[in-house]
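Residue strings, one per chain:
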Amino acid sequence: MSYNMHVNNFYGSSKQSHPHGGTPDKIYEHLKNMGYEISNFDPCPNNPNFDGLEIEWPNETIYVNPPYTRGQISKWVKKCYDEFQDGKTIIMLIPSYTDTVYFHKYIYKIARIEFIKGRLKFKGYNSTASFPSMLVYFEGGKKNE
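Note that this is a predicted model, so its numbers are computed, not measured.

**Q** Would you explain the pattern of salt bridges in this entry?
**A** Side chains that differ in sign of charge can pair as their charged atoms come close. If you walk through the whole model with that rule in mind, you get six salt bridges. For Asp-25, the salt bridge is made with Lys-123, and the minimal N-O distance between the two is 2.7 Å. Within this pair, whereas Asp-25 is found in helix α1 (residues 25-33), its partner Lys-123 is found in the loop between β3 (112-115) and β4 (133-138), the two being separated by 98 residues in sequence. Classification of Asp-25 as partly exposed rests on a relative accessible area of 42%. Residue Lys-78 pairs with Asp-82 through a salt bridge whose shortest N-O separation is 2.8 Å. One end of the pair, Lys-78, and the other, Asp-82, are both in helix α2 (residues 73-85), four residues apart, so they sit about a helical turn from each other. Here Lys-78 falls in the partly exposed class, since its relative accessible area comes to 34%. You can call Asp-82 partly exposed: its relative accessible area is 30%. Each of Glu-56, Lys-79, Glu-83 and Lys-88 takes part in a single network of salt bridges with overlapping partners.

**Q** Mind showing me how you'd approach the sheet that holds strand β2 (residues 89-95) here?
**A** Sheet strands line up and pair through hydrogen bonds in the backbone, either parallel or antiparallel. Taken in spatial order, the four strands of this open sheet run β1-β2-β4-β3, and their pairing is mixed. With partners counted over all chains shown, the strands left at the sheet margins are β1 (61-64) and β3, one partner each. The mean angle between the axes of side-by-side strands here comes to 15°, regardless of whether they run parallel or antiparallel. Across the sheet, α2 is in contact with β1, β2 and β4; its angle to β2 comes to roughly 165°.

**Q** Just checking my understanding: could you explain the side chain of Asn-47 for this structure?
**A** In this fold, Asn-47 is placed in the loop between α1 and β1. Classification of Asn-47 as buried rests on a relative accessible area of 9%. A polar contact is formed between the side chain of Asn-47 and the backbone nitrogen of Asn-49, at a distance of 2.8 Å.

**Q** Teacher, can you tell me more about the packing of aromatic side chains here?
**A** A ring pair, where both rings are aromatic, is described by two values, the distance of the centres and the angle of the planes. According to the stated counting rule, one finds twelve aromatic pairs in the structure shown. Ring geometry for Phe-41 against Trp-57: centres 6.3 Å apart, planes inclined by 55°, an arrangement best described as tilted. Highlighted residues: Phe-41 in the loop between α1 and β1 and Trp-57 in the loop between α1 and β1, separated in sequence by 16 residues. For Phe-41, a relative accessible area of 1% gives the class buried. By relative accessible area, Trp-57 is classed as buried at 2%. By the ring-pair criterion, three or more aromatic residues cluster together here, those being Tyr-68, Tyr-97, Phe-122 and Phe-131. Above the plane of the ring of Tyr-137 lies Arg-112, whose end atom (NZ or CZ) is 3.8 Å from the centre.

Rules and cut-offs
The written sequence of each chain sets the order in which its residues are numbered from 1. The predicted origin of the model limits local features to residues at a pLDDT of at least 70 and limits the giving and counting of side-chain atom pairs to 80 or more, whereas totals for whole chains, interfaces and linings rest on all residues. In computing side-chain properties, one takes all heavy atoms of the structure into account and sets aside hydrogens as well as water. Only one rule defines a salt bridge in this text: a Lys or Arg side-chain nitrogen within 4 Å of an Asp or Glu carboxyl oxygen. The numbering of helices and of strands both runs from the N terminus, where a helix is a DSSP run of H or I of at least 4 residues and a strand a run of E of at least 2. Exposure categories follow from relative accessible area, calculated using a 1.4 Å probe and restricted to protein chains: below 20% of the type maximum is buried, above 50% is exposed, and the middle band is partly exposed. The pairing criterion is simple: DSSP has to find at least two bridges between the two strands. Helix axes are fitted only over the stretch in contact, all axes being lines through C-alpha atoms; the angle between N-to-C directions runs from 0 to 180 degrees. Whether two residues touch is decided by their heavy atoms; if any such pair falls within 4.5 Å, the residues are in contact. In protein, a polar contact requires one atom able to donate a hydrogen and another able to accept it; more generally it is a pair of N or O atoms within 3.5 Å, and residues adjacent in sequence count only if both atoms are side-chain atoms. Any two rings among Phe, Tyr and Trp, with Trp reduced to its six-membered ring, count as a pair given centres within 6.5 Å; such a pair is stacked if its planes are under 30 degrees apart, edge-to-face if over 60, and tilted if neither. To sit over a ring, a charge needs its Lys NZ or Arg CZ within 6 Å of the ring centre and within 35 degrees of the ring normal.

So this is what it looks like as structure tokens:
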């Protein structure tokens, strides 16, 4: 299968006309220091003609920095959960909204969560985010029978 990849941009657009901020380098460094080898496949590149929600992802460790537009995060969390259920390792960077339905249905007691101290400064923005962030690790997924 061929993918129209935008290697290492990790912006996320899901057919939006503007991206959210790019992943800060310190997140990549952190994941590398933890021993993760992140795939070059970006399921949510800054490309309005590509929708990673509609395709199956490769069997690699996938990093996801989804669009943070209202109504989008929950779709990406569900997709990451589904890919995890197919045996893939998925790491997400999302806002720390622990009061949401998607958090309790797809993350809490299922994935490993790492809360990030302080507020991140995303690439493309001059100031820090107005929300806290967390890394969500979907690891060791079970193969559906």
